[in-house]
Amino acid sequence: AEEKQLITSIWSKVNVEECGAEALARLLIVYPWTQRFFSSFGNLSSPTAIVGNPKVRAHGKKVLTSFGEAIKNLDNIKTTYAKLSELHCDKLHVDPENFRLLGDILIIVLASHFARDFTPACQFAWQKLVGVVAHALARKYH
Amino acid sequence: MLTAEEKKLICRFWDKVPQKDVFGAEALYRMFITYPQTKTYFPHFDLHHGSDQIRSHGKKVVTALDNAVKCLDNLGQALSELSSLHAYNLRVDPPRFALQLLSQCFQVVLAVHLGTEYTPEVHAAFDKFLSAVAAVLAEKYR
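The name given to chain B in an unreviewed UniProt entry is Hemoglobin subunit alpha-2, with the source organism recorded as Nipponia nippon.

By the naming in an unreviewed UniProt entry, chain A goes by Hemoglobin subunit epsilon and is assigned to Nipponia nippon. Of chain A, the UniProt comment under Sequence similarities (unreviewed entry) reads exactly: "Belongs to the globin family."

Written out as structure tokens, the structure is:
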């Protein structure tokens, strides 16, 4: 219950569009091999191009909005992500390891925005959450 | 492999880290809180926030990283003794995984302190650097 509090109190202050865009951009910059999933996104040739790419921003927003759904349903994350899991496996063919990478990046983005407010206890709660989300997304793989 | 540009970024931003002693302790503490399994390597430590042992060990780790930053062209040599220590004495296991957790925590602390200055480019450079350090430390495992 305490952890849920830590999660929702940070989440309430997050700008989903900005944060989502930043997290996805960083994924593509820090782990360039992830660009393989986004060949239709246009110019990903440099960090500046990636950060400014409108498709990256839009998709980042989509991904983080979906995260918001998990936060609204913390007791039922597996069900919330069942369909998305199938999608990522059957249509998108994304190696689940990438979910862990994005989760770690999201933590760093939150840390850079919230600084001292992103306490060790917050980090623990959020790291747990991104782990659960990554697991739920990988669940329907076959 | 670190590019020349990345080496420059690492040196520049490493110098911006305030109070390096505290920085090391903070990263270690966050690691113990966020990933409780890492506590298993320190059964002999007082792991409370601000403990002398965490502080002095954090300082040790940061000093080693400081040395690594000064020898970016030859991490293998700079970290050779530590590599033996981690492989034969400490046996932090699994070799790459646990060190990755500490790397994540160092990056969170960097992000907390540097805020928006922890740009995607700086983030990528440090992620690479810390991965390289972890790889060298894991080299002699078998």
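Undergrad: Would you explain the interface of chain A and chain B in this entry?
TA: Interface size is commonly expressed as the accessible area that is lost once the parts come together. Each partner contributes residues to the interface: chain A has 22 residues there, and chain B has 24 residues. Buried area between chain A and chain B, both sides added, is near 2000 Å², and the carbon and sulfur share of it is 61%. Connecting chain A to chain B are one salt bridge. Linking R116(A) and E26(B) is a salt bridge whose minimum nitrogen-to-oxygen distance equals 3.7 Å. Across the contact surface, chain A and chain B share eight residue pairs in polar contact (both at pLDDT 80 or more). Mapped by element, the contributors of at least two residues to the side of chain A that touches chain B are α2 (16–30), α3 (47–52), α7 (97–114) and α8 (120–138) of chain A. It is α7(A) that provides the largest number of residues to the side of chain A that touches chain B, a total of seven residues. Within the side of chain A that touches chain B, the residues separate by chemical class into 14 nonpolar, four polar and four charged.

Parameters and conventions
- The numbering scheme is per chain: residues are counted from 1 as the chain's sequence reads.
- Labels are handed out in written order, letters beginning with A for the chains and numbers beginning with 1 for the ligands.
- Selection of residues for local features in this predicted model requires a pLDDT of at least 70, selection of side-chain atom pairs for listing and counting requires 80 or more, and totals for whole chains, interfaces and linings are taken over all residues.
- Only heavy atoms go into the side-chain values, all of them from the structure, while hydrogens and water stay out.
- UniProt positions are given in the numbering used here, feature names are shortened, and annotations may be inferred rather than shown by experiment.
- Two residues qualify as a contact provided that any one of their heavy atoms is within 4.5 Å of a heavy atom in the partner residue.
- In short, buried area is how much 1.4 Å probe accessible area vanishes from two parts on joining, totalled over both.
- Salt bridges are counted wherever a side-chain nitrogen of Lys or Arg sits within 4 Å of a carboxyl oxygen of Asp or Glu.
- Two N or O atoms count as a polar contact when they lie within 3.5 Å, although within protein this holds only if one can serve as hydrogen donor and the other as acceptor, and sequence-adjacent residues are included solely when both atoms are side-chain atoms.
- Helix and strand assignments come from DSSP, with helices taken as H or I runs of at least 4 residues and strands as E runs of at least 2, each series counted from the N terminus.
- Any residue that is not Ala, Val, Leu, Ile, Met, Phe, Trp, Tyr, Cys, Pro, Asp, Glu, Lys or Arg is counted as polar, Gly included; the first ten are nonpolar and the last four charged.

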